[in-house]
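Here are the chains, one letter per residue:
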Amino acid sequence: MAQPAIPVTPALKDDLDIVIPTIRNLDFLEMWRPFFQPYHLIIVQDGDPTKTIRVPEGFDYELYNRNDVNRILGPKASCISFKDSACRCFGFLVSKKKYIFTIDDDCFVAKDPSGKEINALAQHIQNLLTPSTPFFFNTLYDPFREGADFVRGYPFSLREGAPTAISHGLWLNIPDYDAPTQLVKPLERNTSSLRYVDAVMTIPKGTLFPMCGMNLGFDRELIGPAMYFGLMGDGQPIGRYDDMWAGWCAKVICDHMSLGVKTGLPYIWHSKASNPFVNLKKEYKGIYWQEDIIPFFQSVVFPKECITVQQCYIELSKQVKEKLGHVDPYFQKLADSMVTWIEAWEELNPPTKAAPAAQPNGVKKDAPAPKPK
């Protein structure tokens, strides 16, 4: 007699929230139902708070609009962007889970080159639960992936790796381009048959990257206070740099705290391109400013006294004000909002235990001998 199947509990079912910013009905969730339904959703409604957002039946979710943001944060609500996808970071703030996966509402389930649907959430979980290798590049990419290992010449003292704080996924169909590139390549598409790269790699220490928030996972306990998407959108001189700002801030803090950032798999299907002329209006100052912003982040150094993400972020806000304030008064305002964000974070997330101290160069003292695979 056949034994009844034992239900399999999805990985991190009770330890992960899915955060979705939106201005529209969430019909896109129907395609994601097999993968998302077991998890709790936090939906951040942007724009008109009187508009009713429809969520398909069967999902466990919380829905917050701008009125809720103002009610919960009071005066500190000024740090949450309005009419910009940066509003998603309010979901990071109110979550009580260890892990976050965030996705945009124009992103659908992609297929790998064999035609199999990709469970993007499962791949992010795998990335976050395995170590990163930020201090020495492994030429076979992720050595913790099944069927892979460290190559000859890789220092044994570094083979334990570092905790993974961020998992950055990629996109098929519509690439994540800026407005000028959109304008000169309006028909370009990324297809699984041409540009699907079956790899995950750790971004090396000291290297910045343009983080995209539409397909992103992170360990909220390790790096959550740094995942602030800035002050963008309505009333601000810049937009569409919210996720990149968070990525640059988080990466320099990860480097200081000896934490890892992975990029590559999983892919999602990005279904629509935003209007390049509208995007250009939002981005044009950022295109100029980033020529100062990138060298700034490349030069950031934290005092050894900064041993928590919050301490690092407050220090970073001071450096933003001091070293970018001359670029435009906006950066003075942004630096102040960074401080307000940390105040809001600590108010809603009182500390329960001390964060781990930074490990210079990622080498653990008295590291045990590596375990054979």
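Refer to the structure above for everything that follows.
Sequence order as written defines residue numbering, which begins from 1 separately in each chain. Given that the model is predicted, a residue must reach a pLDDT of at least 70 before its local features are reported, and side-chain atom pairs must reach 80 or more before they are shown or counted; all residues, however, enter totals for whole chains, interfaces and linings. To obtain the side-chain values, all non-hydrogen atoms of the structure were used and water was disregarded.

Draft legend 1. Representation of the overall build of the protein within the structure. Starting at the N terminus, helices and strands are each numbered in turn, a helix being any DSSP run of H or I of at least four residues and a strand any DSSP run of E of at least two. Along the backbone of the protein there are 11 helices and nine strands. Restricting the calculation to C-alpha atoms gives the radius of gyration, and the globule rule supplies 2.2 Å times the number of residues raised to the power 0.38. Against the compact-globule benchmark of 21 Å for 373 residues, the protein has a radius of gyration of 21 Å, which places it among compact chains. Counting only C-alpha atoms, the protein reaches 55 × 55 × 45 Å along its principal axes. In this scheme, a residue with accessible area under 20% of its type's maximum is buried, one over 50% is exposed, and one in between is partly exposed, where area comes from a 1.4 Å probe on protein chains only. Considering the protein as a whole, with its 373 residues, one finds that 52% of them fall into the buried category. With 40 positive and 43 negative side-chain charges, the protein shows a spacing of 2 Å between the two charge centroids. Note that His is not counted, nor are the chain ends; the positive residues are Lys and Arg, and the negative ones are Asp and Glu. To locate a charge, take NZ of a lysine, CZ of an arginine, CG of an aspartate or CD of a glutamate.

Draft legend 2. Broad picture of the pattern of salt bridges. Any Lys or Arg side-chain nitrogen located within 4 Å of an Asp or Glu carboxyl oxygen qualifies as a salt bridge. As enumerated under the stated definition, the model contains 16 salt bridges in all. Note that Asp104 and Arg88 form a salt bridge whose closest N and O atoms lie 2.7 Å from each other. Highlighted residues: Asp104 in the loop between β4 (99-103) and β5 (107-108) and Arg88 in the loop between α2 (66-73) and α3 (89-94), separated in sequence by 16 residues. For the residue pair Asp104 and Arg88, the accessibility class agrees, reading buried in each case. The salt bridge involving Lys251 is made with Asp255; its shortest N-O contact spans 2.8 Å. Separated by four residues within a single helix, Lys251 and Asp255 lie in helix α8 (residues 242-257), roughly one turn from each other. For the pair Lys251 and Asp255, a shared accessibility class is recorded, and that class is buried.

Draft legend 3. Expanded view of helix α4 (residues 120-129). Burial analysis of α4 places seven of its 10 residues in the buried class, the great majority of the element. Three or more residues of α4 are buried, namely Ala120, Leu121, Gln123, His124, Ile125, Asn127 and Leu128.

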